[in-house]
Amino acid sequence: LTLYFSGTDVNFIDKQLQSSFTDICIWLEKNGMKANFEKTKFMLSYKQNDVLPTKIPDLIIQDKIIERVTQFKLLGLHLDPSLNFNLHYDYVLSSISQRVKFLYGIKRYLNPQAMCSVVNAHLHSIIDFCIDIWCVQQQSKIDALQAKIDRFISCYYFPRISKSKCNRNINYNALKRSIDVQKL
């Protein structure tokens, strides 16, 4: 369950959250359930250049203090307070690096059709998930992700050519094309 409230006054948002969560707790009790306060967290989102108040009030529900977090994973998307998606980018970059390393280990056992399926399943699926966030990333970050995949594919299909030559010869920019489609 995720609750969203917006506003400029942190105290007002705090009161809204307390009121809404109290209503949810009442509904849970009526239906024979309880909220797990150990797993309940809250995060304030704001623009990068905004100045937050020095004292942010604690969120207290049923005499329990709800922990404030500065990062949150929601349905596989890593969120940070300024919603610039840098945490998610770092996660995707790490995942792609790990999976490319794995693919280097098995590449000699796969024919080109199987490799194409494996690359789509193991690499493109990670990048294509929540593709809308790539529209706010710097082009250099997108290029770094694509370069990892390009290097692997070029080394698979052109193993006798040096890596620098492969990178110049390959025209494999599925990520860039997907982003251009998303921007339309």
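Along each chain, residues carry numbers from 1 onward, in the same order as the chain's sequence is written. Side-chain atom pairs in this predicted model are given and counted only at pLDDT of 80 or more, local residue features only at pLDDT of at least 70, and totals for whole chains, interfaces and linings cover all residues. The side-chain numbers reported here are obtained from all heavy atoms of the structure, hydrogens and water having been left aside.

**Student:** I'm lost on the side chain of His78 in this one. Help?
**Tutor:** A run of H or I in DSSP becomes a helix once it reaches four residues, and a run of E becomes a strand once it reaches two; helices and strands are each numbered from the N terminus. Note that His78 resides in strand E5 (residues 77-79). Exposed residues in this analysis have more than 50% of their type's maximum accessible area, buried residues have under 20%, and partly exposed residues fall in between, with area computed by a 1.4 Å probe over protein chains only. What makes His78 buried here is its relative accessible area of 18%. The residues touching His78, leaving out its near neighbours within four places in the chain, are Phe72, Lys73, Phe85, Leu87, His88 and Tyr91. By the convention used here, residues are in contact when the closest approach between their heavy atoms is within 4.5 Å.

**Student:** Explain the pairing of strand E3 (residues 64-68) to me, please; I cannot follow it from the model alone.
**Tutor:** On a regular strand, each side chain points to the face opposite its neighbour's, so the side chains alternate between the two faces of the sheet. Sheet topology note: the strand E1 (residues 41-42)/E3 ladder contains 2 bridges and is parallel. Paired with Lys41 across the strands is Glu67, a residue of E3. As paired strands, strand E2 (residues 59-61) and E3 are joined by 3 bridges and run antiparallel to one another. Within E3, the residue paired with Leu59 across the bridge is Ile66. Here the rule is simple: two strands pair whenever DSSP picks up at least two bridges between them. Taken together, E2 and the strand that follows it, E3, pair antiparallel across an intervening segment of 2 residues, in which Gln62 is found at a positive phi of about 50°.

**Student:** Is there a simple way to explain empty space enclosed by the protein in this structure?
**Tutor:** By rolling a water-sized probe across the atoms, one finds the places where empty space is left. Using protein atoms alone on a 1 Å grid, points that fit a 1.4 Å probe yet trap it form a cavity, whereas open point sets bounded by protein on both sides within 12 Å along at least five of seven lines form a pocket; residues with an atom within 4 Å of a point count as lining. Grid points are joined across faces, edges and corners, and a volume is the space filled by probe spheres set on the points. Within this structure, the stated rule accounts for 1 cavity of 30 Å³ or more. Space inside the largest cavity adds up to approximately 50 Å³. The biggest single contributor to the lining of the largest cavity is helix H1 (residues 10-30), with 4 residues. Note on residue categories: nonpolar means Ala, Val, Leu, Ile, Met, Phe, Trp, Tyr, Cys or Pro, charged means Asp, Glu, Lys or Arg, and polar means any other residue, Gly included. Classifying every residue of the lining of the largest cavity gives 8 nonpolar, no polar and 1 charged.

**Student:** How do you make sense of the packing of helix H2 (residues 86-106) against helix H3 (residues 112-128) when you look at a structure like this?
**Tutor:** For helices, the fitted axis covers only the stretch in contact; all axes are lines through C-alpha atoms, and the angles between them, taken along N-to-C directions, range from 0 to 180 degrees. Orientation of H2 relative to H3, taken along the N-to-C sense of each, is 170°, at an axis distance of 9 Å. Judged by the angle between their axes, H2 and H3 are roughly antiparallel. Listed contacts from H3 to Val92, Ser95, Ile96, Arg99, Val100 and Leu103 of H2 are Val118, Val119, Ala121, His122, Leu123, Ile126 and Ile127. When grouped by side-chain class, the residues that make up the contact of H2 with H3 number 10 nonpolar, 2 polar and 1 charged. Geometric relationships in this document are graded by angle, where less than 35 degrees denotes roughly parallel, more than 145 denotes roughly antiparallel, 65 to 115 denotes roughly perpendicular, and other angles denote oblique.

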